[in-house]
Amino acid sequence: MPITRKQFELGIDSAIEEWMKRIHRFLADHKDEAFTEEEIKLNILGQPPERDTPEWIKTLLKYQEKQVGFSEALGKLVELSAAKEKSVGGATYYAVGSRPLEL
(Lines give C-alpha, C1' and ligand atoms only; values in the text may rest on other atoms or scores of the structure.)
Protein backbone atom coordinates (compact mmCIF):
# COMPACT_ATOMS: atom_id res chain seq x y z
CA MET A 1 0.00 0.00 0.00
CA PRO A 2 1.55 3.33 -0.99
CA ILE A 3 2.08 6.19 1.43
CA THR A 4 1.99 9.91 0.72
CA ARG A 5 5.14 11.87 -0.02
CA LYS A 6 4.70 13.75 3.28
CA GLN A 7 4.42 10.46 5.19
CA PHE A 8 7.57 9.28 3.43
CA GLU A 9 9.45 12.45 4.37
CA LEU A 10 8.36 12.17 8.01
CA GLY A 11 8.92 8.40 8.18
CA ILE A 12 5.36 7.68 9.31
CA ASP A 13 2.43 5.58 8.16
CA SER A 14 -1.29 6.39 8.04
CA ALA A 15 -1.89 5.22 11.62
CA ILE A 16 0.79 7.55 13.02
CA GLU A 17 -0.53 10.40 10.88
CA GLU A 18 -4.02 9.91 12.35
CA TRP A 19 -2.62 9.91 15.89
CA MET A 20 -0.69 13.10 15.11
CA LYS A 21 -3.88 14.79 13.94
CA ARG A 22 -5.88 13.66 16.98
CA ILE A 23 -3.21 14.66 19.48
CA HIS A 24 -2.61 18.02 17.81
CA ARG A 25 -6.34 18.76 17.66
CA PHE A 26 -6.64 18.01 21.39
CA LEU A 27 -3.66 20.22 22.29
CA ALA A 28 -4.90 23.03 20.03
CA ASP A 29 -8.35 22.85 21.63
CA HIS A 30 -6.64 23.28 25.03
CA LYS A 31 -3.98 25.80 24.03
CA ASP A 32 -3.80 27.38 27.49
CA GLU A 33 -2.94 24.08 29.19
CA ALA A 34 -0.19 21.45 29.12
CA PHE A 35 -0.68 17.72 29.69
CA THR A 36 1.36 14.62 30.42
CA GLU A 37 1.33 11.88 27.80
CA GLU A 38 -0.95 9.81 30.02
CA GLU A 39 -3.41 12.71 30.42
CA ILE A 40 -3.56 13.16 26.66
CA LYS A 41 -4.26 9.44 26.20
CA LEU A 42 -7.03 9.52 28.81
CA ASN A 43 -8.66 12.51 27.13
CA ILE A 44 -8.53 10.94 23.69
CA LEU A 45 -9.13 7.25 24.49
CA GLY A 46 -10.97 7.44 27.79
CA GLN A 47 -10.28 5.29 30.82
CA PRO A 48 -8.55 1.95 30.37
CA PRO A 49 -10.70 -1.08 31.23
CA GLU A 50 -11.10 -1.92 34.90
CA ARG A 51 -9.74 -5.12 36.36
CA ASP A 52 -12.06 -7.85 37.53
CA THR A 53 -14.66 -7.11 34.92
CA PRO A 54 -15.85 -9.84 32.59
CA GLU A 55 -13.58 -10.08 29.57
CA TRP A 56 -11.07 -7.65 31.15
CA ILE A 57 -8.08 -9.11 29.29
CA LYS A 58 -9.83 -8.94 25.92
CA THR A 59 -10.87 -5.33 26.52
CA LEU A 60 -7.39 -4.41 27.77
CA LEU A 61 -5.79 -5.86 24.64
CA LYS A 62 -8.12 -3.81 22.43
CA TYR A 63 -7.31 -0.68 24.46
CA GLN A 64 -3.57 -1.31 24.17
CA GLU A 65 -3.92 -1.98 20.45
CA LYS A 66 -5.50 1.46 20.04
CA GLN A 67 -2.45 3.03 21.71
CA VAL A 68 0.06 1.63 19.23
CA GLY A 69 1.90 4.53 17.68
CA PHE A 70 0.68 7.12 20.19
CA SER A 71 4.13 7.89 21.65
CA GLU A 72 5.74 7.95 18.21
CA ALA A 73 3.12 10.42 16.98
CA LEU A 74 3.64 12.66 19.99
CA GLY A 75 7.40 12.59 19.39
CA LYS A 76 6.92 13.54 15.73
CA LEU A 77 4.74 16.49 16.74
CA VAL A 78 7.51 17.74 19.01
CA GLU A 79 10.08 17.19 16.25
CA LEU A 80 7.96 19.34 13.91
CA SER A 81 7.39 22.02 16.61
CA ALA A 82 3.64 21.36 16.31
CA ALA A 83 3.83 20.44 20.01
CA LYS A 84 6.15 21.61 22.80
CA GLU A 85 7.68 19.32 25.40
CA LYS A 86 8.91 20.49 28.79
CA SER A 87 9.91 18.80 32.02
CA VAL A 88 8.14 20.31 35.03
CA GLY A 89 8.40 18.90 38.54
CA GLY A 90 9.78 15.58 37.36
CA ALA A 91 7.05 15.01 34.77
CA THR A 92 7.09 15.68 31.04
CA TYR A 93 4.32 17.92 29.77
CA TYR A 94 3.12 18.69 26.25
CA ALA A 95 1.36 21.75 24.87
CA VAL A 96 0.45 22.94 21.39
CA GLY A 97 3.52 24.14 19.55
CA SER A 98 4.42 27.25 17.62
CA ARG A 99 4.03 25.69 14.17
CA PRO A 100 0.82 24.44 12.59
CA LEU A 101 0.48 20.77 11.77
CA GLU A 102 0.79 20.42 8.01
CA LEU A 103 -0.03 16.89 6.87
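As the structure is a computational prediction, the values presented were derived from the model and not from experiment.

(A) Seen up close, the pairing of strand S2 (residues 91-96). For strand S1 (residues 83-88) and S2, the ladder comprises six bridges, and the chain directions are antiparallel. When the sheet's bridge partners are listed, Val88 is paired in S2 with Ala91. Counting the residues in the hairpin turn of S1 and S2 gives two residues, including Gly89, whose phi is positive at 60 degrees.

(B) Seen up close, a positive patch on the surface. Together, Arg22, Arg25, Lys62 and Lys66 give the surface a local cluster of positive charge. Elements supplying a minimum of two residues to the positive patch: helix H2 (14-29) and helix H4 (56-67). Among the secondary structure elements, Arg25 is positioned in helix H2. The class for Arg25 is partly exposed, based on a relative accessible area of 47%.

The rules behind the values
- Residues numbered from 1 in each chain as written.
- Predicted model: local features only at pLDDT ≥ 70, side-chain atom pairs only at ≥ 80, totals over all residues.
- Heavy atoms only, no water.
- Pairing = 2+ DSSP bridges.
- Helix = DSSP H or I, 4+ residues; strand = E, 2+ residues; numbered from the N terminus.
- Patch = residues over 30% accessible without salt bridge, like charges linked within 9 Å, V, L, I, M, F, W, Y side chains within 5 Å.
- Areas by Shrake-Rupley, 256 points an atom, 1.4 Å probe, with all protein chains shown as cover.
- Salt bridge = Lys/Arg side-chain N within 4 Å of Asp/Glu carboxyl O.
- Lys, Arg positive; Asp, Glu negative; His and termini not counted.
- Charge placed at Lys NZ, Arg CZ, Asp CG, Glu CD.
- Buried < 20%, exposed > 50% of the residue type's maximum accessible area, 1.4 Å probe, protein only.

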